[in-house]
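Residue-level structural notes
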Amino acid sequence: MTGTTPLFELRDVCFDYDGIPALRKLSLEINRGERLSLLGANGSGKSTLLRLLDGLCSPSQGSLRFDGQQLTPQLLQRDNFALPFRRRVALVFQNPDVQLFNPTVFDEIAFAPLQLGWSKEQVVSRVEQTLEYMRLTTLSDRPPYRLSGGEKKRVALASVLVLDPEVLLLDEPTATLDPRSQSQIIDLIQDWKGSSKTVVSATHQLEIVEDIADRVIVLEDGNVAAMGSPAEILSNHELLLRANLVHSHRHSHNGVVHSHPHVHSHSKHEH
Ligand SMILES: Nc1ncnc2c1ncn2[C@@H]1O[C@H](COP(=O)(O)OP(=O)(O)OP(=O)(O)O)[C@@H](O)[C@H]1O
Ligand SMILES: [Mg+2]
């Protein structure tokens, strides 16, 4: 389906982990080509929402539609739906350790293309291209579990970028990365501005939000607390304080301790 159907449509979605509520009647539409950021305190439901969008779990109540189709566990078990869905929608996990399981970095990145039945030549050439792009060529033969945290994160990202998916779900994509790798990920997401790619990223890094998103959603206790442009959300200090996205610094002036809101200054990355 195309046209005006939202890419994802969530209506009153609830999800709980064995009785622990994570999403509570959450309603949201995500459009094609949109770059959306999810902000929210620890435990507000960002990762859970991304897992639902990736079809890894299903709402306990409410409905979740992808491209007009209700994403049910039954549908996700059907190969003729699941294979194209997996090709179109990809999630990079917050913790790369749960994503990486192959004996080498090369195998890790080649895994999904091989599953999809690409020819050996096609796989090798695309994997080499992706390794180079992510500056991972020298790590190609290393076991992923013996890499640094940031290197693992880049391998996890490479393992989904290799398929060139239409929808990228990124959970804390720049956390733990060094400045050069961070700005590379930001550049990548910026390059997709105006393209047909949809990018949903959960982050705590307010200073990158304007670069990676056209729209921001603030989650609080498994629900949407606010929605707006990056400029609108980032200028709402009261909201950011309440949602635990900025902190109050305690200062001592002339022996009197008091606190005031603190936001890190927004600095554009340099090319
Ligand atoms: N595997 C799990 N088992 C039980 N409860 C879980 C599990 N994963 C998350 N939760 C709970 O679900 C709620 C939402 O968690 P979620 O991981 O979606 O939050 P988050 O916004 O991604 O947080 P963070 O910023 O720490 O990554 C929290 O209350 C959390 O304790
Ligand atoms: Mg999370």
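Reference entry: report on the structure contained in this document. Computed from a prediction, not measured in an experiment: that's the story for all the values here.

This brings us to the overall build of the chain. A count of helical and extended segments in the chain gives 10 helices and 12 strands. Taken over the C-alpha trace, the chain has a radius of gyration of 20 Å; the compact-globule value for 271 residues is 18 Å, and the two agree within 12%. Seen through its principal axes, the chain has C-alpha atoms that stretch 70 × 45 × 40 Å. Counting only residues that meet the buried cut, the chain has 35% of its 271 residues in that class. Considering only contacts in the chain between residues 6 or more positions apart, those separated by 24 or more positions represent 66%.

What follows deals with the nonpolar core. The tendency in soluble globular proteins is for nonpolar side chains to be buried as a group. The biggest cluster of nonpolar side chains holds 65 residues, and the ones touching the most others in it are Leu38, Ile109, Ala158 and Leu169. Excluding residues that lie within four positions of it along the chain, isoleucine 109 makes contacts with Val127, Thr130, Leu131, Ala158, Ser159 and Val162.

All right, on to the pairing of strand β1 (residues 8–17) then. Judged from the seven bridges that link them, β1 and strand β2 (residues 20–30) form a sheet pairing that is antiparallel. Residue pairing in the sheet places aspartate 16 in a bridge with proline 21 of β2. In textbook terms, the turn of a hairpin is the stretch between consecutive antiparallel strands, and for β1 and β2 this stretch comprises two residues, one of which, aspartate 18, has a positive phi near 45°. Pairing geometry for β1 and strand β4 (residues 61–66), over five bridges, is antiparallel. In the sheet register, cysteine 14 faces β4, and the bridge partner there is glutamine 61.

Let us now look at the environment of arginine 35. Mapped onto the secondary structure, arginine 35 falls in strand β3 (residues 35–40). For the pair arginine 35 and serine 195, spaced 160 residues apart in sequence, the C-alpha separation works out to 10.0 Å. The residues touching arginine 35, leaving out its near neighbours within four places in the chain, are Ile189, Lys193, Val199, Ile212, Ala213 and Asp214.

Attention now goes to the site of ligand 1. Around ligand 1, the neighbouring residues are Tyr17, Ile20, Ala22, Gly40, Asn42, Gly43, Ser44, Gly45, Lys46, Ser47, Thr48 and Gln94. At the level of elements, β2 and α1 (46–53) are the ones that each hand at least two residues to the shell around ligand 1. Looking at the shell around ligand 1, the element that brings in the most residues is α1, giving three residues.

Here we come to the environment of aspartate 214. Considering the arrangement of structural elements, one finds aspartate 214 in the loop between α8 (206–212) and β9 (215–220). The class of aspartate 214 is partly exposed, set by 16 C-beta atoms lying within 10 Å. Taking the C-alpha atoms as reference points, aspartate 214 and isoleucine 185, separated by 29 residues in sequence, lie 16 Å from one another. Once you skip the residues sitting within four places of it in the chain, aspartate 214 turns out to touch Glu34 and Arg35.

Helix α6 (residues 149–161) packs onto helix α4 (residues 105–115) with a crossing angle of 30° between their chain directions and a minimal axis gap of 7 Å. For the element pair α4 / α6, the angle class is roughly parallel. Both α4 and α6 take part in a crossing whose hand is right-handed. Counted together, Val105, Glu108, Ile109, Phe111 and Ala112 of α4 and Val155, Ala158 and Ser159 of α6 form the full contact between these two elements. For the contact of α4 with α6, a count of residues per class yields six nonpolar, one polar and one charged.

Moving on, we come to the sheet that holds β3. Across the sheet, six strands lie side by side as β6-β7-β8-β3-β9-β10; this open sheet has mixed pairing. A strand with exactly one partner marks an edge of an open sheet, and here the two such strands are β6 (89–92) and β10 (223–228). Each strand of the sheet is rotated relative to its neighbour by a mean of 15°, with strand direction disregarded.

Phi angles above zero are rare outside glycine, and aspartate 18 is one such case at about 45°. Within the secondary structure, aspartate 18 sits in the loop between β1 and β2. Looking at aspartate 18, the number of C-beta atoms within 10 Å reads 4, which means it is exposed. Of note in this structure, aspartate 67 is not a glycine but carries a positive phi near 50°. Residue position: aspartate 67 is located in the loop between β4 and β5 (69–70).

Procedures and definitions
- Residues numbered from 1 in each chain as written.
- Chains lettered and ligands numbered in written order.
- Predicted model: local features only at pLDDT ≥ 70, side-chain atom pairs only at ≥ 80, totals over all residues.
- Helix = DSSP H or I, 4+ residues; strand = E, 2+ residues; numbered from the N terminus.
- Rg over C-alpha atoms; globule rule 2.2 N^0.38 Å.
- Buried ≥ 20, exposed ≤ 12 C-beta atoms within 10 Å, placed from the backbone.
- Contact = placed C-beta atoms within 7 Å.
- Core = buried A, V, L, I, M, F, W, Y, C linked by C-beta atoms within 7 Å.
- Pairing = 2+ DSSP bridges.
- Near = placed C-beta within 6 Å.
- Axes fitted to C-alpha atoms, helices over the stretch in contact; angles between N-to-C directions.
- Parallel < 35°, antiparallel > 145°, perpendicular 65-115°, else oblique.
- Left-handed = near helix turned anticlockwise from the far one by under 90°.
- Nonpolar A, V, L, I, M, F, W, Y, C, P; charged D, E, K, R; others polar.

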